[in-house]
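Remarks on the overall topology
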Amino acid sequence: MYDLIIIGMGISGISASIYAKRAGMKVLLLESSAPGGTINKISEIENYPGIISISGPDLAYNLFEEVNKLGIEYKLERVTDVLLDEAKTVKTTNNVYISKYLLIASGRRPKMLGLKEEEKYLGRGISTCALCDGALYKNSDVAVIGGGSSALSEALYLANIVNKVYLIHRKEEFRGEDTLIKEVESKDNIELILNNEVTSLATKEDKIEGIILKDGKKINVKGIFIYIGYIPNTDFLENTNIKMENGYILVDEHHETNIKGVYASGDVTKKDIYQIVNAASEGAEAVVYMTKQ
């Protein structure tokens, strides 16, 4: 029996675990992949107070080091279901755990284009992580698809590795940070393709050789990097009555859901700003409010 189970070891979940541990709670962290979550896929972080510049994997490592230093218990297991009675029961692929409180900090995952054979070529020409796969396309041409800050920053990262980056956005204007837009526009090896979108993949001998755009034009690229939005990781909540909007969890000003004792923080919640800094604060705040009950 735990005082608190936290689903997700991204910055929000780990921040919460630190505050819970210091408050004397018996806490368990659950993570389906690698500690640090989405942070592991960010090439460079330059907007976190007190840190001038750090790679995503390095920040994830530092967070995990703090978990180990404080002796916070964690399990690398995928959550499959939860039962939200007076005691909160969390089922994973390996075990069943029970706690008084539950904090959902499971984050979100990249949205895909929905193209034919897209799943087949994921990891074989299609990627959602420039930091993970960029080196595979050194001196080649690649396409980055998206118009937000993630697409812009990853295009800049890839521009230092590959021969050329085609940055494709279906609208006339980017919706990312102004500084990133200016950087992208000043890069000689980034070509902007606006008001257009990818409609199909061009393949040959079971390999990607390019993309076909809505206007019929074919662009020869060896790699495709997709940044068109996210889907919240809430599949395991299908059997609960937690209120959600488009898959995102709705919380009050204390980060509590409509179910007493169940909280949520970070990118899995419905909010206006999705940044590392507020994800960290939300995890901490949830625990502070939790301990005041």
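It should be noted that the structure appears before, not after, this text.
Residues numbered from 1 in each chain as written. Predicted model: local features only at pLDDT ≥ 70, side-chain atom pairs only at ≥ 80, totals over all residues. Heavy atoms only, no water.

**Some thoughts on the pattern of salt bridges**
We apply this condition: Salt bridge, as used here: a side-chain nitrogen of Lys or Arg that lies within 4 Å of a carboxyl oxygen of Asp or Glu. We call a residue buried when its accessible area falls under 20% of the maximum for its residue type, exposed when it is over 50%, and partly exposed in between, using a 1.4 Å probe and counting protein chains only. Every helix listed is a DSSP run of H or I at least four residues long, and every strand listed is a run of E at least two residues long, numbered separately from the N terminus.
Tallied over the full model, the rule gives 11 salt bridges. Residue Glu117 is joined to Lys120 by a salt bridge in which the shortest nitrogen-to-oxygen separation is 3.7 Å. Judged by relative accessible area, which is 37%, Glu117 ranks as partly exposed. On the basis of relative accessibility, which here comes to 38%, the residue Lys120 falls in the partly exposed class. We note a salt bridge from Glu282 to Lys271, for which the minimum N-O separation is 3.0 Å. Placement of Glu282 in helix 6 (residues 276-291) and of Lys271 in the loop between strand 19 (262-264) and helix 6 is noted, with a sequence separation of 11 residues between them.

**Remarks on the state of the cysteines**
Test applied: Throughout, disulfides are identified as pairs of cysteine sulfur atoms within 2.5 Å of each other.
Under the definition given, this model contains 1 disulfide. Covalently, Cys129 is tied to Cys132 through a disulfide, its sulfur atoms 2.1 Å apart. Negative torsions about the S-S bond denote left-handed disulfides, and the value of about 75° found for Cys129 with Cys132 makes this one right-handed. Accessibility expressed as a relative area gives 3% for Cys129, which makes it buried.

**Re a nonpolar patch on the surface**
The line we're drawing: Candidate patch residues must exceed 30% relative accessible area and have no salt bridge, after which like charges are joined if within 9 Å and Val, Leu, Ile, Met, Phe, Trp or Tyr side chains if within 5 Å. For the area figures, the Shrake-Rupley method with a 1.4 Å probe applies, and any residue is considered shielded solely by the protein chains shown.
A contiguous nonpolar surface patch, about 300 Å² in accessible area, is contributed by Met1, Val96 and Ile98. Inspection of the secondary structure puts Val96 in strand 6 (residues 96-104). Of the residues examined, Val96 reaches a relative accessible area of 52% and is grouped as exposed.

**Let's talk about the side chain of Thr257**
Note the cut-off: We call two N or O atoms a polar contact when they sit within 3.5 Å, provided that within protein one can donate a hydrogen and the other can accept it, with sequence-adjacent residues counted only if both atoms are side-chain atoms. Whether two residues are in contact is decided by their heavy atoms, any of which lying within 4.5 Å being enough.
Here Thr257 shows up in the loop between strand 18 (248-249) and strand 19. Of note is the side chain of Thr257, whose polar atom sits 3.1 Å from the backbone nitrogen of Ile259. If we skip the residues at most four places from it in the chain, Thr257 touches Ile242, Ile249, Leu250, Val251, Val262, Tyr263 and Ala264.

**So, the pairing of strand 2 (residues 27-30)**
The line we're drawing: In this scheme, strands are said to pair when DSSP sees at least two bridges between them.
What you see with strand 2 is no split at all: Val27 and Leu29 on one side and Leu28 and Leu30 on the other are buried throughout. Note: strand 1 (residues 2-7) against strand 2, 4 bridges, orientation parallel. Bridge pairing links Ile6 to Leu29 in strand 2. Bridge count between strand 2 and strand 3 (residues 73-75): 3 bridges; the pairing is parallel. Counted as the bridge partner of Leu29 is Tyr74 from strand 3.

**Looking at the nonpolar core**
Operational definition: For our purposes a nonpolar core is just a set of buried Ala, Val, Leu, Ile, Met, Phe, Trp, Tyr and Cys residues, chained together by side-chain atoms within 4.5 Å.
Grouped together as the largest cluster of nonpolar side chains are 30 residues, with contacts concentrated most on Leu4, Ile6, Ile11, Met25, Ile39 and Leu103. Within the residue set of this core, elements represented by two or more residues are strand 1, helix 1 (11-22), strand 2, helix 2 (56-69), strand 6 and helix 6. Examining the composition of this core, we find that 6 residues originate from one element, helix 6, more than from any other. Once residues lying within four places of it in the same chain are set aside, the contact partners of Ile39 are Ile11, Ile45, Gly56, Pro57, Leu59, Ala60, Leu63 and Ile276. Formed by 21 residues, the second largest nonpolar core is a distinct cluster that contains Leu152, Ala155, Leu158 and Ala159.

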